[in-house]
Amino acid sequence: MPGSSLWLVARKDDEPFNKSLKELIGSTLPSDFPHAPKRNFIPHVTITSDIDPSKTYGSSSPQEWLDGLSLPEFKKESNEVNVELEQLEAGEPFFKKVTLRAAKDANLLKLAAACRQQGLVLSEGDAQGWAEHEYLPHLSLFYGDIPQSEVQKKIGLIELQLGFEFGSLFDCCGGTLAMGAKLVLVDTSQSLEDWTPLAERDCPWVMWKMAKGLL
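Conventions used here
- Residues numbered from 1 in each chain as written.
- Predicted model: local features only at pLDDT ≥ 70, side-chain atom pairs only at ≥ 80, totals over all residues.
- Heavy atoms only, no water.
- Core = buried A, V, L, I, M, F, W, Y, C linked by side-chain atoms within 4.5 Å.
- Buried < 20%, exposed > 50% of the residue type's maximum accessible area, 1.4 Å probe, protein only.
- Helix = DSSP H or I, 4+ residues; strand = E, 2+ residues; numbered from the N terminus.
- Contact = heavy atoms within 4.5 Å.
- Axes fitted to C-alpha atoms, helices over the stretch in contact; angles between N-to-C directions.
- Parallel < 35°, antiparallel > 145°, perpendicular 65-115°, else oblique.
- Left-handed = near helix turned anticlockwise from the far one by under 90°.
- Nonpolar A, V, L, I, M, F, W, Y, C, P; charged D, E, K, R; others polar.
- Phe/Tyr/Trp six-rings, centres within 6.5 Å; stacked < 30°, edge-to-face > 60°.

Engineer: Help me understand the nonpolar core, please; the structure alone is not making it clear to me.
Structural biologist: Nonpolar side chains tend toward joint burial in soluble globular proteins. One finds Leu6, Leu8, Phe17, Ile47, Leu85, Leu141 and Trp208 to be the most contacted residues of the largest nonpolar core, which totals 67 residues. The biggest single contributor to this core is strand β6 (residues 176–186), with seven residues. Those residues in contact with Leu6 that sit more than four places away from it in its chain are Val45, Thr46, Ile47, Thr48, Ile51, Trp65, Leu66, Leu69, Cys115, Leu183, Val184 and Leu185.

See below:
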């Protein structure tokens, strides 16, 4: 994947939501496709990609650039960014082989547009148009070179596995899986094994949710 990317990731490594995602990505789904190479990665929702370091953070530190991004005035409990996971899908692309599609929440689109505009040095109109018409927020659970048809056959099983991981969390918190996130900058031009955050920024106004129909 060329350039760098901005991701939303769970705020704490040890919170139940993040631990469940890591279990699904690192163990459960690889066991569903044992003949495919195991590829572990940080659970994330991509906000934007194709960021050229030479045009953005190349002349400063990654942390200084990320801290300097101008983001909309979101607020916890009054003007939040909702990442609501609503649909389990089997996809054709390598990086979207099994995904949890997220709803196109208005504030999530505002965040994506702001990051896209500054990350790719675009006009406000171009960034907004991309967010509204091209951006497809999702959380990947499995990467692989497996035919989509083969993955589709396992969707029922994966739905059961999602219920096992998230059912009690969903029940106790009314669909809210976790509160707060980190916006991280990752050099995704590197090999998958080297996808690690270069910088991070706290986003307490992000809410992770799951649609009732998913479980």
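Engineer: Before we go on, may I ask you to explain the packing of helix α3 (residues 106–119) against helix α4 (residues 124–133) in this structure?
Structural biologist: The description of two helices packed together rests on the angle between their axes and the distance between the axes. As a packed pair, α3 and α4 sit with axes 8 Å apart at the nearest point and diverge in direction by 135 degrees. As summarised for this structure, α3 and α4 are arranged oblique, according to the angle between their axes. Here the hand of the crossing between α3 and α4 comes out right-handed. For the pair α3 and α4, the contacting residues are Leu109, Ala112, Ala113, Arg116 and Gln117 in the first and Glu124, Ala127, Gln128, Trp130 and Ala131 in the second. Of the residues assigned to the contact of α3 with α4, the class counts are six nonpolar, two polar and two charged.

Engineer: Please explain the packing of aromatic side chains as it appears in this structure.
Structural biologist: Between two aromatic rings, the relevant description is the distance of the centres plus the angle of the planes. All chains considered together, the criterion is met by 13 aromatic pairs. On the basis of an interplanar angle of 65 degrees and a centroid distance of 6.0 Å, the ring pair of Trp7 and Trp195 is categorised as edge-to-face. Of the two residues, Trp7 sits in strand β1 (residues 4–10) while Trp195 sits in the loop between β6 and β7 (197–210), which places them 188 residues apart along the sequence. Comparing Trp7 with Trp195 shows no difference in burial state: the two are buried. Taken together, a centroid distance of 6.4 Å and an interplanar angle of 75 degrees make the contact between Tyr143 and Trp195 edge-to-face. Of this pair, Tyr143 sits in the loop between β5 (138–142) and α5 (148–152) while Trp195 is found in the loop between β6 and β7, placing the two residues 52 residues apart along the sequence. The residues Tyr143 and Trp195 share a single accessibility class, namely buried. Members of the aromatic cluster, joined through ring pairs, are Trp7, Phe41, Phe94, Phe95, Tyr143 and Trp195.

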